[in-house]
Amino acid sequence: MSQGTLLITGGAGYIGSHTVRHLLEQNERVVVLDNLVFGHRAALPLDRVTFIEGDMADAALVEKLFAEHKPEAVLHFAAFAYVGESVANPLKYYRNNLAAPLTLLETMQRHGCKRFILSSTCASYGDPVRIPIDESHPQAPVNPYGASKWMLERVLRDCDTAWGLKSVFLRYFNASGSHPSGEIGEDHNPETHLIPLVLQAAAGQREHITIFGTDYPTPDGTCIRDYIHVCDLASAHALALKFLREGGDTIAVNLGTGRGFSVKEVIATAEAVTGRKIPVVFGPRRAGDPSELVADPSRAMEILRWQAAHLEPREHIDSAWRWMNGAQRGHYAD
Ligand code: UFG
C-alpha cells in the first residue's frame, strides 16, 4: 500500500532501476535522484517517476527536493562499486560512498525524514571466517569499497542514536539477472561482473572469458559465489520499507540465496542456456577475491518475510541473456 513519496538515489542504475519498477508495481510514489554517471535515463519509466538529474552531494538541490517532495523514506543506491578501482583510488570511494551521503542525511534530519534503506554489501565482511555468512560475522572489509559501506552503516547507527533514524542495511551478495520483460538489465561500463562477461563471450562480443584462478580450495578449484537475482533484491527493498513503516528498528540483513556456485558452474550453465560453446582462458587469481562467499539469508526470511524467488543460476542467466538479445541488445542508448 502506498504511503508517502520515496526518494531513490541511484534509481537509474542496475539494482536501483529494477527496484523502481517493483515499487511502481506496488503503487508507490517515486522520486529518483541520479547524476547519470553510471545510471541510464532509459532505465527509468519517465512517465511514471519524477526524475531529477543531479548529485546527492549538491546540498541546495537536495534541500529543494525535500522541500518540494517531502519524501517519507530514502532508498540509497547511489554509489561507486568497482572493488579494484577503490583500492587504486580510495578517496574517490570515500568521497562518493561515505561523504556525499552525509549531505543527504543532514537534509533528512532537518526535514524529519527517519527511514533509510542502504545498499550495503557482503564486501563489508572481508575474508570470511565461516560459511555461510550471517549478519553477526565480523566486519573486516579488505578494500575501500567494502570499507566505505561498512563506515556508512556505522554513521547510520549513530544517527539512530542521536535523532532516531531507522535504517535497514541490505548486504547484497552477487547481484545478477535482469527484469523478465527484457526491457531493463545490467549495463556497466566497464563491465567486470562474471555473468555479463560470460554472456558477451557467448554472443561473440568478446573472444573469451578468463577464469580468475583455478587453484582455490573449492571442489573444482574456482571461486564460489552466492548469485542473487536483481528482482529478488528489488522485492527485499519493498519488504524492508514495510518493516520500517511498521516501526522496525535499525538492522542489517543479508540478501543471498544461501547457495553457492563456482565460476566453472556458471560458465557451464551459460553454455546450456545459450546453446553456445563459450571460449575459456585460465588466468591467475584476481587480487582480493575470497574463495567462497555464501550468505545465510535466514534473517531476511524471518524478519522481512522475504524469500528469493529465483534460486537457480539458470534463471539469472536466462533473464540476462534475454536482455542481451532484446531490443537494446544489453546496452542503453544513453
Ligand atoms: N570472475 C572471473 N572472470 C571474470 C570476472 C569474474 O573468473 O572475468 C570471477 C571472480 O574472480 C569471482 C566471480 O567470478 O570469483 C564473481 O566475480 P564478480 O566480479 O562478478 O563479482 P565479485 O564477487 O567480485 O563482486 C561482488 C560484487 C561487488 C562486491 C563483491 C564482494 O559485485 O560489488 O561481490 O566480494 F564488492
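Conventions adopted
- Residues numbered from 1 in each chain as written.
- Predicted model: local features only at pLDDT ≥ 70, side-chain atom pairs only at ≥ 80, totals over all residues.
- Heavy atoms only, no water.
- Helix = DSSP H or I, 4+ residues; strand = E, 2+ residues; numbered from the N terminus.
- Rg over C-alpha atoms; globule rule 2.2 N^0.38 Å.
- Buried < 20%, exposed > 50% of the residue type's maximum accessible area, 1.4 Å probe, protein only.
- Contact = heavy atoms within 4.5 Å.
- Axes fitted to C-alpha atoms, helices over the stretch in contact; angles between N-to-C directions.
- Parallel < 35°, antiparallel > 145°, perpendicular 65-115°, else oblique.
- Left-handed = near helix turned anticlockwise from the far one by under 90°.
- Pairing = 2+ DSSP bridges.
- Expected span 1.5 Å × (residues − 1).
- Arc of directions from axis to C-beta.
- Domains from an automatic or database assignment.
- Buried area = accessible area lost by both parts, 1.4 Å probe.
- Salt bridge = Lys/Arg side-chain N within 4 Å of Asp/Glu carboxyl O.
- Polar contact = N/O pair within 3.5 Å; in protein donor to acceptor, adjacent residues only side chain to side chain.

### Quick notes on the overall build of the chain
Turning to step 1, where the next piece is worked out: Each helix and strand counted, the chain has ten helices and 14 strands in total.
Turning to step 2, where the next piece is worked out: The globule rule puts the C-alpha radius of gyration for 334 residues at 20 Å, and the 19 Å found for the chain is close to it.
Turning to step 3, where the next piece is worked out: Classification of the 334 residues of the chain by burial places 57% in the buried group.
Turning to step 4, where the next piece is worked out: Pairs at least 24 apart in sequence give 77% of the contacts found in the chain among residues at least 6 apart.

### So, the packing of helix 6 (residues 194–202) against helix 10 (residues 313–324)
Turning to step 1, where the next piece is worked out: Where helix 6 meets helix 10, the axes come as close as 10 Å, and the angle between the chain directions of the two elements is 55°. Taken together, helix 6 and helix 10 sit at an angle that is classed as oblique. Of the two elements, helix 6 crosses helix 10, and the hand of that crossing is right-handed. On helix 10, the residues that touch Ile195, Pro196, Leu199, Gln200 and Ala202 of helix 6 are Ile317, Ala320, Trp321 and Met324.

### Considering the sheet that holds strand 3 (residues 50–53)
Turning to step 1, where the next piece is worked out: Within the open sheet, the seven strands sit side by side as 3-2-1-4-5-6-11. Their pairing is parallel. Across the chains shown, the open sheet's two edge strands, defined by having one partner strand only, are strand 3 and strand 11 (251–255). Going from strand to strand, the sheet's axes swing by 20° on average, the running direction of each strand aside.
Turning to step 2, where the next piece is worked out: Pairing analysis gives seven bridges linking strand 5 (residues 115–121) to strand 6 (residues 166–172), with the strands arranged parallel. When the bridges of strand 6 are listed, serine 119 appears paired with leucine 170.
Turning to step 3, where the next piece is worked out: Sitting on the sheet, helix 1 (residues 14–25) is in contact with strand 1 (5–9), strand 2 (29–34), strand 4 (73–76) and strand 6, with an inclination near 165° to strand 2.
Turning to step 4, where the next piece is worked out: Set on the sheet, helix 2 (residues 59–69) makes contact with strand 1, strand 2, strand 3 and strand 4; between it and strand 2 the angle comes to about 175°.

### Digging into helix 10
Turning to step 1, where the next piece is worked out: Look at helix 10: 16 Å from first C-alpha to last across twelve residues, which is about the 16 Å you get at 1.5 Å a residue.
Turning to step 2, where the next piece is worked out: The elements touched by buried residues of helix 10 are strand 7 (174–176), helix 6, strand 10 (227–229), strand 12 (261–262) and helix 8 (263–274).

### So, helix 2
Turning to step 1, where the next piece is worked out: When helix 2 is considered as a whole, its buried residues turn out to be Val62, Leu65 and Phe66. Viewed end-on, helix 2 has its buried residues packed into an arc of 95°, placing them on one side of the element. Exposed residues on helix 2 whose side chains face more than 90 degrees from its buried face are Ala60, Lys64 and Glu68.
Turning to step 2, where the next piece is worked out: Its buried side turned inward, helix 2 meets strand 1, strand 2, strand 3, strand 4 and helix 4 (90–111).

### Quick look at the domain arrangement of the chain
Size of an interface, as often reported, equals the accessible area lost when the parts are brought together.
Turning to step 1, where the next piece is worked out: According to the domain assignment, the chain consists of domain 1 (5–176 + 228–255) and domain 2 (194–225 + 258–324).
Turning to step 2, where the next piece is worked out: Counting residues at the interface gives 27 residues for domain 1 and 22 residues for domain 2.
Turning to step 3, where the next piece is worked out: It is His229, Asp232 and Leu239 in domain 1 that bury the most area against domain 2; as a group they hold 23% of the surface buried on that side.
Turning to step 4, where the next piece is worked out: Here glutamate 135 ties to arginine 299 by a salt bridge, and the two come within 3.9 Å at their closest N and O atoms.
Turning to step 5, where the next piece is worked out: Connecting domain 1 to domain 2 are ten residue pairs in polar contact (both at pLDDT 80 or more).

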